[in-house]
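# Summary of the model geometry
So you can see what is in the structure, the chains are spelled out below.
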Amino acid sequence: GNPEGSIMKKSIVAAILVLALASLTVSADCFDVDTIVEGINMMKITMADCSQKTQSQFEEAPSFQGPLNVTTPGAQTNLTAWLSTLSNEREGYTVSMSATPMKSCFSGFADAYINYTVTVNDKSITTAGPQAAAAVDVITIATLSSLDIQSHQIALNVDQGTFHTAVEGQYSGTVTFTYTNNT
């Protein structure tokens, strides 16, 4: 038992370890990981709700094929269509809806009109005679932090008064949806 000898041996061992560690060469290398995510800005009128679908299922979802054949006034229960969007636009997007009245043209006679109301996402517009319905925003997304899929059922209600008093002829109108990025 020489306590000073034990301390000395420990000091020498510690000094050797420090020298051994100091003489080791440490090197590092690295690489970057990059990707580009392309913008996705899709809209279509689908035959079913697409809100719970994946991107590929959305792309494959069948589109509504018009025209909608109107045979009676009131709610058009034969309309099974959804306004569906798929987007990853960081700054968001807006979809507006406009409509023209159902119009019948016959040479030598005044144009005739049948009015209707179209509703999407609790927003409605109604045509009135020769005037197209003013556009209204039906989807407004301010910003996105991930891929967004929306699907809103489209409802159409044909005015009973103008339907029942309409003159003979073929009538046609158009509902238009316009998708705009917020950039």
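Quick note: structure is the one above.
A brief report on the enclosed structure follows. Computed from a predicted structure; not experimentally measured.

### Some points on the overall build of the chain
Along the chain, the regular secondary structure elements total three helices and 11 strands. Shown N-terminal to C-terminal, the secondary structure of the chain runs as helices and strands in the order α-β-α-β-β-β-β-β-β-β-β-β-α-β. Summed over all atoms, the accessible surface of the chain reaches about 12200 Å², with 55% contributed by carbon and sulfur.

### Quick look at the side chain of serine 96
Relative to the helices and strands, serine 96 resides in strand 4 (residues 93-99). Those residues in contact with serine 96 that sit more than four places away from it in its chain are Val136, Asp137, Val138, Thr176, Phe177 and Thr178.

### Notes on the pairing of strand 10 (residues 148-158)
The buried fraction of strand 10 is high, at eight of 11 residues. Bridging between strand 2 (residues 74-75) and strand 10 involves two bridges; their strand directions are antiparallel. Residue pairing across strands places alanine 75 opposite asparagine 157, the latter belonging to strand 10. Both strand 3 (residues 82-87) and strand 10 contribute to a ladder of six bridges, which runs antiparallel. In the sheet register, leucine 86 faces strand 10, and the bridge partner there is isoleucine 149. Bridge count for strand 7 (residues 116-120) against strand 10 is five bridges, and the pairing is antiparallel.

### Thoughts on the environment of threonine 85
Inspection of the secondary structure puts threonine 85 in strand 3. Spatially, the C-alpha atoms of threonine 85 and isoleucine 139 are 9.2 Å apart, while their sequence positions differ by 54 residues. Discounting residues that sit within four places of it in the chain, threonine 85 has contacts with Met42, Met43, Phe58, Tyr93, Val95, Ile139, Asp148, Ile149, Gln150 and Tyr179. Here tyrosine 93 takes part through its side chain, which lies 2.8 Å from a polar atom of the side chain of threonine 85.

### What about the environment of phenylalanine 106?
Turning to its location among the elements, phenylalanine 106 is positioned in the loop between strand 5 (102-104) and strand 6 (112-114). A relative accessible area of 54% means that phenylalanine 106 is categorised as exposed. C-alpha of phenylalanine 106 to C-alpha of glutamate 168: the two residues are 62 residues apart in sequence and 9.5 Å apart in space.

Conventions and cut-offs
Residues numbered from 1 in each chain as written. Predicted model: local features only at pLDDT ≥ 70, side-chain atom pairs only at ≥ 80, totals over all residues. Heavy atoms only, no water. Helix = DSSP H or I, 4+ residues; strand = E, 2+ residues; numbered from the N terminus. Areas by Shrake-Rupley, 256 points an atom, 1.4 Å probe, with all protein chains shown as cover. Contact = heavy atoms within 4.5 Å. Buried < 20%, exposed > 50% of the residue type's maximum accessible area, 1.4 Å probe, protein only. Pairing = 2+ DSSP bridges. Polar contact = N/O pair within 3.5 Å; in protein donor to acceptor, adjacent residues only side chain to side chain.

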